[in-house]
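Chain residues, written in single-letter form:
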Amino acid sequence: DRFGGDAAKEAAQLERATGRLADLAEAELKDANFWGELLRSQVLEAPRVTLLAKPSAALAERNSAAEKAREKAQAEALGPEKLKELGASFEKADAKNNTPAPPGMLTCVSVPDASKVPMFPVASVRACPIGALAGKSTTTPREKSQTAPPTSPAQEALEASLEASAASLPSGSFVRRLGMVQVDHIASEFSRLNVAVDTSRLPERLRLLLPLLDEVFFKSSLLLEAGGGQSELLGHEAVVNALERELAA
């Protein structure tokens, strides 16, 4: 085993969780009699346990009598004076609890003007990576964002970062074949990434494996580059624990 017993166990669990194509291939071999018998045995005539609950009038009377007896015994143990004292304390607390709130407490905080509520600025850049269009060797003109000033520092930094990323792409990178890339920047502790990929050029045999790739993407181990040519392999549980420590969902 290359990565030890834990990696082998994770691989076996992953195979059981994502091995859908083998199940579908086996299901295609079943005839109508099999599916009819499966429906009859597992749905129509499946073994079941049915419980019919009926309220007990006798039990209700016993519970009511027991509660009245308890209240009577407690009243006798406390005595008239203590009951009167507790009653007055209850009435006082109830009256205080039902006192209306002063109007000033409800009107002292003004309702803010919606037009003055600050909005989160968003810097957006749309660009085609180098070589995305036939005959093009540089990035195409960007579409300036409508949500942030084109000359803002955030906009300029975003454009510079996108240009540097596009220039550093290897000549054989599939990203060069993408039609358009949009990057949005907002100052926030939360982030969400949506990726749309054109799979029309993939062969059918590879396109069938996309659901498997989607399943494995967030369940597989993670290889961390530690520098100096060293790397560390984190198992699935370690990756989940690290994400829970550093991210808020």
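None of these values were measured; they are calculated from a predicted model.

Thresholds, definitions, all that
- Residues numbered from 1 in each chain as written.
- Predicted model: local features only at pLDDT ≥ 70, side-chain atom pairs only at ≥ 80, totals over all residues.
- Heavy atoms only, no water.
- Helix = DSSP H or I, 4+ residues; strand = E, 2+ residues; numbered from the N terminus.
- Buried < 20%, exposed > 50% of the residue type's maximum accessible area, 1.4 Å probe, protein only.
- Contact = heavy atoms within 4.5 Å.
- Phe/Tyr/Trp six-rings, centres within 6.5 Å; stacked < 30°, edge-to-face > 60°.
- Lys NZ or Arg CZ within 6 Å of the ring centre and 35° of its normal.
- Patch = residues over 30% accessible without salt bridge, like charges linked within 9 Å, V, L, I, M, F, W, Y side chains within 5 Å.
- Areas by Shrake-Rupley, 256 points an atom, 1.4 Å probe, with all protein chains shown as cover.
- Salt bridge = Lys/Arg side-chain N within 4 Å of Asp/Glu carboxyl O.
- pLDDT = per-residue confidence, 0-100.

## What to know about the overall build of the protein chain
Point 1. From N to C terminus, the protein chain includes nine helices and five strands.
Point 2. For the protein chain, the α and β elements follow one another from N to C terminus as α-α-α-α-α-β-β-α-β-α-α-β-β-α.
Point 3. Looking at the protein chain as a whole, 11% of its 249 residues are labelled buried.
Point 4. Nonlocal contacts in the protein chain, meaning residues at least 24 apart in sequence, comprise 53% of its contacts between residues at least 6 apart.

## Re the packing of aromatic side chains
Point 1. Inspection of the entire model under this criterion finds one aromatic pair.
Point 2. Note on Phe34 and Trp35: the rings are 5.0 Å apart at their centroids and 80° apart in plane angle, and the pair reads as edge-to-face.
Point 3. Trp35 sits in the partly exposed class, given a relative accessible area of 40%.
Point 4. Here the basic side chain of Lys30 rests over the ring of Phe34, its NZ or CZ set 4.9 Å away from the ring centre.

## Describing a nonpolar patch on the surface
Point 1. On the surface, Leu21, Leu24, Leu202, Leu206, Leu209, Leu210, Leu212, Leu213 and Phe217 cluster together into a nonpolar patch covering about 780 Å² of accessible area.
Point 2. Elements represented by at least two residues in the nonpolar patch include exactly helix H2 (20–28) and helix H8 (210–217).
Point 3. Considering the arrangement of structural elements, one finds Leu206 in helix H7 (residues 204–207).

## Let's talk about the environment of Ser221
Point 1. Tracing the backbone shows Ser221 in the loop between H8 and strand E4 (222–227).
Point 2. Residue classification places Ser221 among the partly exposed positions, given a relative accessible area of 31%.
Point 3. As for Ser221 and Ala238, which are separated by 17 residues in sequence, their C-alpha atoms are 8.6 Å apart.

## Side note on the confidence of the model for the protein chain
Point 1. Confidence in the prediction for the protein chain averages 76 pLDDT; 79% of positions are at 70 or higher.
Point 2. Mean pLDDT per element in the protein chain: strand E2 (residues 143–144) is the minimum at 40, and helix H4 (residues 57–97) is the maximum at 93.
Point 3. Long-range and interchain partners of residues 130–149, a stretch whose pLDDT sits below 50, account for 33 contacts in this model, where long-range means more than four residues apart.

## Some thoughts on the pattern of salt bridges
Point 1. Tallying each qualifying case throughout the model produces three salt bridges.
Point 2. The residue Glu45 makes a salt bridge to Arg40 at a minimum N-O spacing of 2.6 Å.
Point 3. A relative accessible area of 51% places Glu45 in the exposed class.
Point 4. The partner of Arg70 in a salt bridge is Glu67, and the shortest N-O contact between them spans 2.7 Å. Of this pair, Arg70 and Glu67 both sit in helix H4, three residues apart, which is roughly one turn of the helix.
Point 5. In this structure Arg70 comes out as partly exposed when scored by relative accessible area, which is 44%.

## Observations regarding the environment of Val240
Point 1. Structurally, Val240 can be placed in helix H9 (residues 236–246).
Point 2. Here Val240 falls in the partly exposed class, since its relative accessible area comes to 31%.
Point 3. Distance in space between the C-alpha atoms of Val240 and Ser221 is 9.9 Å, their sequence separation being 19 residues.

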